[in-house]
Every structure is written in structure tokens, then in C-alpha cells.
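Observations on the three-dimensional arrangement
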Amino acid sequence: MPKTFRTLDDVDVKGKRVLLRVDLNVPMENGRVTDATRLERVAPTISEISDKGGKVILLAHFGRPKGRDAKDSLKPVAAALAQVIKKPVAFADDCIGEAAAKAVGAMKDGDILCLENTRFHKEEEKNDPAFVAELAKLGDIWVNDAFSAAHRAHASTEGLGRKLPAYAGRTMQAELDALSKALEAPTKPVIAIIGGAKVSTKIDLLENLVTKVDALVIGGGMANTFLHAQGVAVGKSLAEKDLAATALRILEKATAANCAIILPVDAVVAYHFAANSPSHAYGLDAIPADGMILDVGPQSTARIHAAIDDAATLVWNGPLGAFEMTPFDRGTVVAAKHAAERTKAKKLISVAGGGDTVAALNQAGVADDFSYVSTAGGAFLEWMEGKPLPGVEVLKVG
């Protein structure tokens, strides 16, 4: 495959001031980071630039502050990052102006500096040219390692790529390589598993995927909308009945594109939306009028396994049932374990992403066995919808 993005392989960082956009938007409680996954993801890029003698100047946002707000400071995150990368991380209490310039000016080759939250300035989200210029003064090159923010055209995620020589960091590079193998130049046949509660949030995704994949498994609450559209009585199950016409349109588009749609053929039904509620598997012709579909049934699970067995590439977004409650996590967990086994046997390339999906794979204990798991929610979805991502477009060669 021809290389389409500039990466760290294309630049000598020694002695250069490297403005490195990272995702440090980590969960915090009482001033402590509770999940360091995102810090661990950016550690290789930070360490590589530092080890090669570049001056690493970290740019990131945290939360959704309206102006400067101490609770959204990156200072405690910088301290946690230092523990992860096992190197000191200096901190500047602004990302532009005198405080930032002074901190950058004091850096030696290999030093690491974290600038304060870019969103303390409203100009960041407006991609304001004057603000971009102020940020650009601090660096010689810009490296984007925050795929999770690449769907936003903000100053630090896109604007700098037009002002300075731009490169993808290692995390960004891994994400782009994985997604390109999954959808842009995949090993066929390709199957997608799309779950979650609502069709309304995934219309663009479904419409794009039916033109890209050979088979599409639809599960979760959104499957009920499709079943209802086909005349199946879904009882008291979650279903967006007003989207029946949309569901039928997607099915027609799939037929035209020769994409097989795999919907549930049976379901696990309960009468209360609560963990460990008494439940029973029913065929679709026998869903009780006062029951709720909360997971795919055993026959549906067998069909999903067969579809995974037929595939060379799998893209997964969204759980197949109410996975946050036992026993309604079974369909998702069993399918995830099956996909993981195929991946470990080198028979499947498996790429998954989205918050609930990552949680479900962790719950199944197989996140590390998938080929790639994206922690980028919105950006991962927009990529799968076929939309160009501003923070990626500026990294393209030519």
C-alpha cells in the first residue's frame, strides 16, 4: 500500500521544538487519574521524540471548561504522565504567551513540557488564526498523536497542521493503519458487527457500511427497530418505531450493494430491565407482548459465530444486548471471545472501537486479543461513517 500520511519516520526531531498534540482527557477522581489507558497510548511517541533529542511540548485539552478553571487544569495529569513514561514532565500554566514562551525557552534537547489546557482559550475551538499563530511560535514542527480529537477542526488538532510541518505520531499512525486495514483496503470477506441502543445515532454509519462490507450483523436495541420494520412484534422492547422507513431503506441499500444483513432470529426476553431478571429465549414469532428483548438468543449467537468464521476482517462497534447487566451480556461476551479466538489463530483481523464496545471487550477479557481496539469514540465513528477527519486530512502526503 502506498504511504498516505507523513509520520515520525519522515523527520529528524533532534534539537527541534516539537508541538505534540496528545489526548490527555483522562478520567479523574479527587485529583487522581483513575484510568491511565490514554497516557499509556501516547507514551511511546513522547519517549521516542525525547530519546531522539527533540524538545517535547505537549498540547492537550481537558474537560469542557468555559474559560480558565482550576478543576480542569492539566497539572495533575502531567504528574501522572511522568509516572507512566518514567521521565520528568515540566508544566507551564498557559499554552500561549509569556508563561509558555519562558518554559519552552528553558528546555534542553530531550526535555518534556506539558502546556496548560488549550480549551482555557475559547479561540482553540474556533480554530482562530491568531491563536494558531501564537501556538505555532512555540514549535518548529507539529505532530498529531490524538486521533480521538481528529474529528474536530480546532487550533491544536488541525490549525497547526496548516502552519507548521505536520506528522502523525505513533498512536495516530497505528490507528490509521488499523482502520485502513479494516475498511479502506481490507482483506475480504469483511463483516461488521454494529450494536447499541439506537438506530438514530448510527444511520450514517449503517448507510456507509452496507457499501463497504460483505455482511453486517445488527444487534442491541437497534436490531429491534429493524425487526419492527419487518413486521415482527417486539413487545415492550426498546425500538424506534418512527424509524421503520429508515430501517427498510438501509435494508434495500444493503440488498443493492450485495451486503448480507444478519438480524436476530431469536431473542432473550425478560419482563424487567434489571440485572438477573428471570429470562427466556424465544423465537421471533413468539415474543411475549409484555416482554423486553435484552439480548440475542442462542440461534442468533450461532449465526453470528458462523459469520465471523466466514470473515477475514471484522469491524465491531456496539454491544449485542444490554451487556452492562448479567445475564444479558452473554451474546456480546460469547461473540467477542469467538472473534478473539479467530484473531489469535491468525484467521481474522479484528478492529473494534467506541466506548461501550471497549467496555464490553474488557468485560469479556479479550480487548488485548483483538488486532486493534480504538479508544477514540466520536472520531472512530465518523471514520466508519466515511467522513473526512480534519486532524487526519492535514497529515496527508501531497
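Only a predicted model underlies this, so the values are computations on that prediction, with no experimental measurement involved.

Calculation criteria
- Residues numbered from 1 in each chain as written.
- Predicted model: local features only at pLDDT ≥ 70, side-chain atom pairs only at ≥ 80, totals over all residues.
- Heavy atoms only, no water.
- Pairing = 2+ DSSP bridges.
- Helix = DSSP H or I, 4+ residues; strand = E, 2+ residues; numbered from the N terminus.
- Axes fitted to C-alpha atoms, helices over the stretch in contact; angles between N-to-C directions.
- Buried < 20%, exposed > 50% of the residue type's maximum accessible area, 1.4 Å probe, protein only.
- Domains from an automatic or database assignment.
- Contact = heavy atoms within 4.5 Å.
- Buried area = accessible area lost by both parts, 1.4 Å probe.
- Salt bridge = Lys/Arg side-chain N within 4 Å of Asp/Glu carboxyl O.
- Polar contact = N/O pair within 3.5 Å; in protein donor to acceptor, adjacent residues only side chain to side chain.

1. Details of the sheet that holds strand 16 (residues 349-353)
Taken together, the six strands give an open sheet; going across it, the order is 11-10-9-15-16-17, and neighbouring strands pair in parallel fashion. Two strands close off the open sheet at either side, each with one partner strand: strand 11 (260-262) and strand 17 (372-374). The sheet shows a mean angle of 15° between the axes of neighbouring strands, taken without regard to direction. Bridging between strand 15 (residues 313-317) and strand 16 involves four bridges; their strand directions are parallel.

2. A few points about helix 6 (residues 155-163)
Burial analysis of helix 6 places seven of its nine residues in the buried class, the great majority of the element. Residues of helix 6 that are buried: Ala 155, Ser 156, Thr 157, Glu 158, Gly 159, Leu 160 and Gly 161.

3. Quick word on the domain arrangement of the protein
The domain boundaries assigned to the protein delineate domain 1 (17-171) and domain 2 (186-385). Between the C-alpha centres of domain 1 and domain 2 there is a distance of 36 Å. Listed as interface residues are seven residues of domain 1 and, on the opposing side, 10 residues of domain 2. Of the roughly 680 Å² buried at the junction of domain 1 and domain 2 (both faces included), carbon and sulfur atoms supply 57%. Its largest share of buried area at the contact with domain 2, domain 1 owes to Arg 41, Phe 147 and His 151, together 72% of the area lost on that side. Between the two partners, domain 1 and domain 2, sit zero salt bridges. If you look at where domain 1 meets domain 2, you find two residue pairs in polar contact (both at pLDDT 80 or more). Here the element with the most residues in the side of domain 1 that touches domain 2 is helix 1 (residues 37-51); it accounts for three residues.

4. What to know about the pattern of salt bridges
Side-chain pairs of opposite charge can arise whenever the charged atoms involved come near each other. This model, assessed by the stated rule, comprises 20 salt bridges. Note that Asp 69 and Lys 71 form a salt bridge whose closest N and O atoms lie 3.7 Å from each other. What makes Lys 71 exposed here is its relative accessible area of 61%. Measuring nitrogen to oxygen at the nearest pair gives 3.9 Å for the salt bridge that ties Lys 188 to Asp 214. Here Lys 188 is found in the loop between helix 7 (170-184) and strand 9 (190-194), whereas its partner Asp 214 is found in the loop between helix 8 (203-209) and strand 10 (215-218), with 26 residues between them in sequence. Of the residues examined, Lys 188 reaches a relative accessible area of 51% and is grouped as exposed. A relative accessible area of 28% means that Asp 214 is categorised as partly exposed. Taken together, the salt bridges that share partners define one network made up of Asp 9, Glu 48, Lys 52 and Arg 170.

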